[in-house]
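# Structural features, examined
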Amino acid sequence: MELAQVRLLVTDFAACYRFYADVLGLKPQSGAADGPYEKFSPATGSAGIALQDRAMMAQVLDELGDEATGHRSLVVLRVDDLDAYCAQIGSRGATVLHGPAPMTDRMRVAHLKDPEGNVVELQEWLLLRA
């Protein structure tokens, strides 16, 4: 078994597409900016994040037709330099809600939200201290 992707069901596909591509800098697989589906990949690693139009999935699972409320997911992305990355995405329109700050003695984090309210956690892994 292999994890193929984490898929977020969204109502404003275009806004979410711009956020993951233009603000976070992830690479879109096909360039389908208007949806109904797109997968995004970071420059390294094999994990991916996909967006899917919520109304399209509601045709398959009726219960998804209800409006989503509250925090539905937490997308986690690891970066090498958290401070530099937060500065970059801030210049591209992101609002960091928390951090950069220590989470543990081995990790620093920052948090923001995408246009649908999904929480994005940015992690910088620290070397273990002796």
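The structure contained in this document is the topic of the report that follows. (Residues numbered from 1 in each chain as written. Predicted model: local features only at pLDDT ≥ 70, side-chain atom pairs only at ≥ 80, totals over all residues. Heavy atoms only, no water.)

## Here's the deal with the sheet that holds strand β7 (residues 107-113)
Taken in spatial order, the four strands line up as β5-β8-β7-β6 in an open sheet, and their pairing is mixed. Looking at the sheet topology across the chains shown, the edges are occupied by β5 (74-78) and β6 (98-104). Taken pair by pair, the neighbouring strands of this sheet meet at an average axis angle of 30°, ignoring direction. Across seven bridges, β7 lies against strand β8 (residues 119-125) in antiparallel orientation. Looking across to β8, one finds that His-111 is bridged to Glu-121. Sitting on the sheet, helix α3 (residues 82-91) is in contact with β6, β7 and β8, with an inclination near 15° to β7. (Pairing = 2+ DSSP bridges. Helix = DSSP H or I, 4+ residues; strand = E, 2+ residues; numbered from the N terminus. Axes fitted to C-alpha atoms, helices over the stretch in contact; angles between N-to-C directions. Contact = heavy atoms within 4.5 Å.)

## Details of the packing of aromatic side chains
A complete count under the given rule lists three aromatic pairs for this structure. Taken together, the ring pairs in this structure connect Tyr-17, Phe-19, Tyr-20 and Phe-40 into an aromatic cluster. For the cation-ring pair, Arg-78 lies above Trp-125, with the distance from its terminal atom to the ring centre recorded as 4.3 Å. (Phe/Tyr/Trp six-rings, centres within 6.5 Å; stacked < 30°, edge-to-face > 60°. Lys NZ or Arg CZ within 6 Å of the ring centre and 35° of its normal.)

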